[in-house]
Amino acid sequence: MKTNESSSLSAFTAGFIKQNPTFSQVLGLCPTLATSTNAENALGMGLATMGVLILSNIFISALRKLIPNEVRIPAYISVIASFVTIVNLLMHGYTYQLWTNLGLYIPLIVVNCIIMGRAEAFASKNGIWKSFLDGLGMGLGFVGAILLLGMTREVLSVGTLFGIRLWPKTYGMFVMMLPPGAFLVIGLYLALFKHIANVRKRNLKNIKG
Amino acid sequence: MGAEVAKWFAILFAAMLVNNFLLSRFLGLCPFFGVSKSMDTAVGMSMGVIFVMVVAGIVTWFLNLLLISWHIEFLQILVFILVIAALVQIIEIFIKKTNPALYSALGIYLPLITTNCAILGLSLINVQNNYTLMETIFNSVGSSLGYSMALILFSSLRVKLDVEELPAAFEGMPAAFITAFILSMSFMAFTGMIKV
């Protein structure tokens, strides 16, 4: 029982840092870069993706014994596409402004490699509860990463955070909101995390040696 | 007629340069970083993308007519992605039978293209803009050429990058993103060149 519990916990927390979908696995880049122009859009996109990820993980895990191995990819795609359609219609109905901001990228959640990747690597092999935890953990990891990018880009480009002004707009670098800014910000973050990992590795070696 | 042809070419160049799929719309980034390590794979992937994008663009355009006539437009996402997945499989089988030389060149890239958001993105863009058939064809050709151009440019930069000595933190992915940043900056110069 003990091992079972700890593995559930690790299924939940793996997505936070160790296997973070954006910064560690570098998956699902298209929506991450395209919709992180400001914090609000980033949060909306993150939550929409997380919702689809959790639901598709649960369903695929529940159906894993019914789906024949040969047609599993089309079956997964159908499940994911159905949930994306639902999320798309819900967002159209309830959060119209966000829906127009995100535009094309909501339907494109279907082809987000994170969702397909978790279906194939985790949900198709594990029980419903663990798949739910995995979806939640990975989803939160994704929300965290996209929100970090969105907040950074919003602060640097127009000097606001969730619409609250931090400093006058004249100090902003507008390029951060444009496509090149997305590449620059994620590139610098990746370099920062790699640097931290390198330093920790070196310290560990020093302690041992 | 003249004005129409002018519009087709405006769409072609806008899709290729101004709204470049990789550098300004962020569609199809996974293979962008995945296969751009060498020139050969970048060229192979580009050929595959051009082929599949044009075929998928045309097929989904006709498919959308069907969906509209049956009043089931809300199924667009589901139908498009399944048809694109099936289409890539059919293209793969067809090329394997008819042209083994082409298959050996493109074969391994075709499965990668199925999950490429650029194909679904293109189909959705065509539908959302209410393009006619000819406009769809020009938009597909322009988008795929723009994609290939950015991919090949990027891979030639990355080949150079591999032989340079970089700070440890920037090796690999971070350097690739910074390179993409510079490339994307240079493509920003096209903004406002064409208004469609």
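Coordinates for the structure precede this section.
These notes cover the structure that comes with them. Think of each chain on its own: its residues are numbered from 1, step by step along the sequence as written. Lettering for chains starts from A, numbering for ligands starts from 1, and both go in the order in which the items are written. Owing to the predicted nature of the model, reporting of local features is limited to residues with pLDDT of at least 70; listing and counting of side-chain atom pairs is limited to 80 or more, with chain, interface and lining totals taken over all residues. As a rule here, side-chain values cover all heavy atoms of the structure and leave hydrogens and water aside.

Let's shift gears to the overall build of chain B. Secondary structure elements follow DSSP: runs of H or I no shorter than four residues count as helices, runs of E no shorter than two count as strands, and numbering proceeds from the N terminus. The secondary structure content of chain B amounts to nine helices and zero strands. Beginning at the N terminus, the succession of helices and strands in chain B can be written as α-α-α-α-α-α-α-α-α. The atom set for the radius of gyration is the C-alpha atoms, and the globule formula is 2.2 Å times the number of residues raised to the power 0.38. For 196 residues, the compact-globule estimate of 2.2 N^0.38 gives 16 Å, and the C-alpha radius of gyration of chain B, at 18 Å, lies within 12% of that figure. For chain B, the spread of C-alpha atoms along the principal axes amounts to about 60 × 45 × 30 Å. Residues classed as buried in chain B amount to 49% of the 196 residues present. Here, two residues are considered to be in contact whenever any of their heavy atoms come within 4.5 Å of each other. Long-range contacts, defined as pairs at least 24 residues apart, comprise 79% of the intrachain contacts of chain B with a sequence gap of at least 6. Every accessible area reported is derived by Shrake-Rupley at a probe size of 1.4 Å, with residue values counting cover from the shown protein chains alone. Accessible surface for chain B amounts to roughly 9000 Å². Of this, 71% is attributable to carbon and sulfur atoms. Here Asp and Glu are counted as negative and Lys and Arg as positive; His is not counted, and neither are the chain ends. Charge positions are represented by NZ for Lys, CZ for Arg, CG for Asp and CD for Glu. Charge-centre separation for chain B: the mean point of 8 positive side chains lies 4 Å from the mean point of 9 negative side chains. Remark: exposure states derive from per-residue accessible area (1.4 Å probe, protein chains only) relative to the maximum for the residue type, with buried under 20%, exposed over 50%, and partly exposed in between.

Another point: the side chain of Ser56 of chain A. Among the secondary structure elements, Ser56 of chain A is positioned in helix α3 (residues 39-62). Not counting residues within four places of it along the chain, the set of residues in contact with Ser56 of chain A comprises Val79, Ile80, Phe83 and Ile115 of chain A.

This next bit is on a nonpolar patch on the surface. Residues Phe16, Ile17 and Leu140 of chain A make up a contiguous nonpolar surface patch of roughly 290 Å² in combined accessible area. Considering the arrangement of structural elements, one finds Phe16 of chain A in the loop between α1 (2-13) and α2 (29-34). Note on patches: the residues involved have over 30% relative accessible area and no salt bridge, like charges join within 9 Å, and the nonpolar side chains Val, Leu, Ile, Met, Phe, Trp and Tyr join within 5 Å. By salt bridge we mean one thing: a side-chain nitrogen of Lys or Arg within 4 Å of a carboxyl oxygen of Asp or Glu.

With that settled, the discussion passes to the nonpolar core. Counting residues in hydrophobic clusters, the biggest one holds 100 residues, and the most contacted among them are Leu108 and Phe183 of chain A together with Leu29, Phe32, Phe33, Leu120 and Phe177 of chain B. Take this core: its biggest share by element is 10 residues, from helix α4 (residues 76-98) of chain B. Ignoring any residue separated from it by four or fewer positions in sequence, one finds Leu108 of chain A in contact with Leu27, Cys117, Leu120, Gly121 and Leu124 of chain B. The set of buried Ala, Val, Leu, Ile, Met, Phe, Trp, Tyr and Cys residues whose side-chain atoms join them within 4.5 Å is what this entry labels a nonpolar core.

This part is about the interface of chain B and chain A. Taken together, the contact pairs 37 residues of chain B with 36 residues of chain A. Broken down residue by residue, the surface that chain B buries against chain A is led by Phe26, Ile77 and Phe177 of chain B, which jointly contribute 22%. Run the count over chain B and chain A and you get zero salt bridges. Secondary structure elements with two or more residues in the side of chain B that touches chain A: α2 (29-34), α4, α7 (117-128) and α9 (173-188) of chain B. Charged residues are taken to be Asp, Glu, Lys and Arg, nonpolar residues to be Ala, Val, Leu, Ile, Met, Phe, Trp, Tyr, Cys and Pro, and polar residues to be all remaining types, Gly included. Taken together, the residues of the side of chain B that touches chain A break down into 28 nonpolar, seven polar and two charged. Accessible area that two parts lose when put together, with a 1.4 Å probe and added across both, is what the buried area reports.

Residue and element names in this part refer to chain B. Residue position: Thr191 is located in the segment after α9. Along the sequence, Thr191 and Leu23 sit 168 residues apart, while their C-alpha atoms lie 12 Å from each other. Think of a polar contact as two N or O atoms within 3.5 Å of one another; within protein, one of them needs to be a possible hydrogen donor and the other a possible acceptor, and neighboring residues in sequence only count if both atoms come from side chains. In this structure the side chain of Thr191 is engaged in a polar contact, spanning 2.7 Å, whose partner is the backbone oxygen of Met188.

Turning our attention to the layout of surface pockets. Residue and element names in this part refer to chain A. Note on definitions: the grid is 1 Å and covers protein atoms alone; a cavity is a set of points where a 1.4 Å probe fits but cannot get out; a pocket is an open set with protein on both sides within 12 Å along at least five of seven lines; lining residues have an atom within 4 Å of a point. Grid points are joined across faces, edges and corners, and a volume is the space filled by probe spheres set on the points. Put simply, the largest pocket is a space of about 530 Å³. For the largest pocket, the lining is made up of 20 residues, of which Ile17, Phe23, Ser24, Phe193 and Lys194 are closest to its centre. For the lining of the largest pocket, the element with the most residues is helix α8 (residues 179-208), which contributes six residues.

We now examine the packing of aromatic side chains. Ring geometry is summarised as follows: Phe, Tyr and Trp rings, the Trp one being its six-membered ring, pair when their centres sit within 6.5 Å, and such pairs are stacked at plane angles under 30 degrees, edge-to-face over 60 and tilted between the two. Evaluated as defined, the whole model comprises 12 aromatic pairs over all chains. With a centroid separation of 5.1 Å and 75 degrees between ring planes, the pair formed by Phe59 of chain A and Phe83 of chain A is classed as edge-to-face. Taken together, the positions of Phe59 of chain A in helix α3 and Phe83 of chain A in helix α4 (residues 72-94) put the pair 24 residues apart, joining distant regions of the chain. According to the relative accessible area criterion, Phe59 of chain A is partly exposed, its value standing at 42%. Look at Phe83 of chain A and you get buried, because its relative accessible area is 12%. Centre to centre, the rings of Trp8 of chain B and Phe138 of chain B are 5.5 Å apart; their planes meet at 20 degrees, and the pair counts as stacked. Of the two residues, Trp8 of chain B sits in helix α1 (residues 2-18) while Phe138 of chain B sits in helix α8 (residues 133-163), which places them 130 residues apart along the sequence.

It is worth spelling out the packing of α3 of chain A against helix α7 (residues 128-158) of chain A at this point. All names here are of chain A. One way to put it is that α3 packs onto α7 with a least axis distance of 8 Å and a crossing angle of 165 degrees. The orientation of α3 with respect to α7, classified from their angle, is roughly antiparallel. In the packing of α3 onto α7, the handedness of the crossing is right-handed. Residues that form the contact of α3 with α7 fall into these classes: 20 nonpolar, eight polar and three charged. Axis geometry follows a simple rule: fit a line to the C-alpha atoms, using only the stretch in contact for helices, then measure angles between N-to-C directions, giving values from 0 to 180 degrees. Under this scheme an angle from 65 to 115 degrees is roughly perpendicular, one under 35 degrees roughly parallel, and one over 145 degrees roughly antiparallel; angles in between are oblique. By definition, turning the near helix anticlockwise from the far helix through less than a right angle yields a left-handed crossing, and turning it clockwise yields a right-handed one.

This next bit is on α3 of chain A. Taking 1.5 Å of rise per residue, the 24 residues of α3 of chain A would be expected to cover 34 Å, and the 34 Å separating its terminal C-alpha atoms lies within 8% of that figure. Structurally, the start of α3 of chain A carries an N-cap: the backbone nitrogen of Glu40 of chain A is 3.1 Å from a side-chain oxygen of Asn38 of chain A. The span you would expect from a helix comes to 1.5 Å times its residue count less one.

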